Structure formats: structure tokens, C-alpha cells
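Residues per chain, in single letters:
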Amino acid sequence: MPTVLVLDYGMGNLRSVAQAVRAAAQGLALDVVVGHEVAQVQAADRIVLPGQGAMRDCMAHFAASGAQAAVLQAVAQGKPLMGVCVGMQMLLEHSEEQDTPGLGLLPGRVRRFDLAGRVQSDGSRFKVPQMGWNRVRMSREHPCWEGIPSGSHFYFVHSYFAEPARAEDVAARTDYGGDFACALARDNIFATQFHPEKSADLGLRLYRNFLTWTPCSSSLPST
């Protein structure tokens, strides 16, 4: 039976992500497992990379887990990977958060919101982190968006946002004191800044779309 690995490297919202992925997988011939062993990564057919907290801590725990090299190899082999929240930010080259290098799977950087003095339409000040529901506008078609209308609301909790180097890597955008990329996609990678596991039925639909997605072959370099 095909396996979906929710990667547990000590820094993800594992319980809610795993529960959501298992709920999304109902009726599909898939085995959802949680772990970080190299053998589990190698055996998995697709991988979910969650992340929560400071990016430097996430990167350090990921490296210490022993799974990092295996995950990079799996992506290079064309296995579908879904990054969530900091798990998306980790895919880029660098983050302003504590001057932290990322995995470099996607060109670009991660920046902190600079919203000083900006006010919302109701006159209130923008707060950092962004915490709550916000509208997601699809930038282009992608199988992971099937059945999800552009402009749908998803749940966000973050102080930093992705600034990809390539416009074609942006799968969706949202606005919080300014327009920014909230979903990225390239080859066998799909990633969201928002939390599908906290986004009710549409979040489960997004996970299910990822679980049934067959991407084109990867053009990412081997590691």
C-alpha cells in the first residue's frame, strides 16, 4: 500500500497535521505514518513537511533528526512533498529570522512583516504575527487547488513570509498589509504558508488533493 509520511523532526504541529491527513485519506488506499527514520523516508511515496516555531530551530532539529538528506534525495527522485507553514519557509534559500539558511529547494528568501504605521480598513493597526483567517487568491491552476475556489479563506499564523525569486513558483497570494506569496509550487513540490489542518473542510480538501496528485517528473538537482 502506498505510504504518506508526516515528518516528525520535533518541530511540527504533528498531532493536528497527522489527524487531518488521515481524515483526508479516508477511502483512499494509503497508509499515513508519522516518523523521521531514514528507512521511513525512503519507503514513503509522498511526504508532508510541517513546521512550527522559529525557523532556525526547525532547521536545526531537521538536521539533527537524520532525515534531512533522505528527504532531499526523495524530492530529487520526484516524490511529492508538501510543506506547511515553516515547512514551506524551509524550502527557500534563506530566512531573515536569525539569519538562517534554508534547504534551497526553491530560490528565494523569507522576510519578516514590516507593518509599522499601517492600518486596516476598520482603522485598527496590523499586528504581527498575522493570526486568523485570510483570503487566498490562486495565481495559477494546479491540481492541488481542484475544487477550491480562488478567494477561499484559510487559517494563518506567521510573522515571516516567503519572497520567491521566480514568479512562476507562486501558486497563490494573499494580502496582509501588502501582497505576498502564500503558496508555492514547482515540479513535485507544493507548499502553503497557511495551515490546511486548521482550515476546516477546504483544508482537508487541499490535503486530499495533495494525496491524489501525480506531479510531472522533477527537474530539481540530485543531492
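Report follows, based on the coordinates. Numbers given for residues are sequential positions, taken from 1 along each chain in its written order. Owing to the predicted nature of the model, reporting of local features is limited to residues with pLDDT of at least 70; listing and counting of side-chain atom pairs is limited to 80 or more, with chain, interface and lining totals taken over all residues. Hydrogens are left out, water is left out, and the side-chain values use all remaining heavy atoms of the structure.

**Quick word on the layout of surface pockets**
Turning to step 1, where the next piece is worked out: Quantified by volume, the largest pocket comes out at close to 170 Å³.
Turning to step 2, where the next piece is worked out: We place a 1 Å grid over just the protein atoms. Points where a 1.4 Å probe fits but has no way out form a cavity, open points with protein on both sides within 12 Å along at least 5 of 7 lines form a pocket, and any residue with an atom within 4 Å of a point lines it. Lining the largest pocket are 14 residues, and of these G53, C85, V86, V157 and H158 sit closest to its centre.
Turning to step 3, where the next piece is worked out: Mapped by element, the contributors of at least two residues to the lining of the largest pocket are α5 (86-89) and β9 (152-158).
Turning to step 4, where the next piece is worked out: Classification convention: Asp, Glu, Lys, Arg as charged; Ala, Val, Leu, Ile, Met, Phe, Trp, Tyr, Cys, Pro as nonpolar; all other residues, Gly among them, as polar. Of the residues contributing to the lining of the largest pocket, the split by class is 5 nonpolar, 7 polar and 2 charged. Grid points are joined across faces, edges and corners, and a volume is the space filled by probe spheres set on the points. Strands here are runs of E lasting at least two residues and helices are runs of H or I lasting at least four, both read from the DSSP assignment and numbered beginning at the N terminus.

**Concerning the pairing of strand β10 (residues 160-164)**
Turning to step 1, where the next piece is worked out: Relative accessibility decides the category of a residue: with a 1.4 Å probe and only protein chains considered, values under 20% of the type maximum give buried, values over 50% give exposed, and everything between is partly exposed. Of all 5 residues in β10, 4 are buried; the element is thus mostly enclosed.
Turning to step 2, where the next piece is worked out: DSSP bridges decide pairing: two strands pair if at least two such bridges lie between them. Alignment of strand β7 (residues 108-112) against β10, held across 5 bridges, turns out to be antiparallel. Within β10, the residue paired with R112 across the bridge is Y160.

**Examining unusual backbone geometry**
Backbone geometry follows two general trends: most residues other than glycine have a negative phi, and most peptide bonds adopt the trans configuration.
Turning to step 1, where the next piece is worked out: That bond from V128 to P129 is cis: its omega, 10°, falls within 30 degrees of zero.
Turning to step 2, where the next piece is worked out: The phi dihedral of Q98 is positive, around 55°, even though this residue is not glycine.
Turning to step 3, where the next piece is worked out: Even without being a glycine, D99 presents a positive backbone phi close to 50°.
Turning to step 4, where the next piece is worked out: By secondary structure assignment, the location of D99 is in the loop between β5 (94-95) and β6 (100-101).
Turning to step 5, where the next piece is worked out: For D99, a relative accessible area of 55% puts it in the exposed group.

**Let's talk about helix α3 (residues 55-65)**
Turning to step 1, where the next piece is worked out: Taken as a whole, α3 has its buried residues at M55, C58, M59, F62 and S65. Viewed along the axis of α3, the buried residues span an arc of 130°, placing them on a single side of the element.
Turning to step 2, where the next piece is worked out: Where the residues of α3 are buried, they touch β1 (3-7), β3 (46-49), α4 (68-76), α5, β5 and β6.
Turning to step 3, where the next piece is worked out: Positive backbone phi, at 85°, marks G66, one or two positions downstream of α3. Think of the arc as the fan of directions from the helix axis to the C-beta atoms. In what follows, a contact means two residues having at least one pair of non-hydrogen atoms within 4.5 Å.

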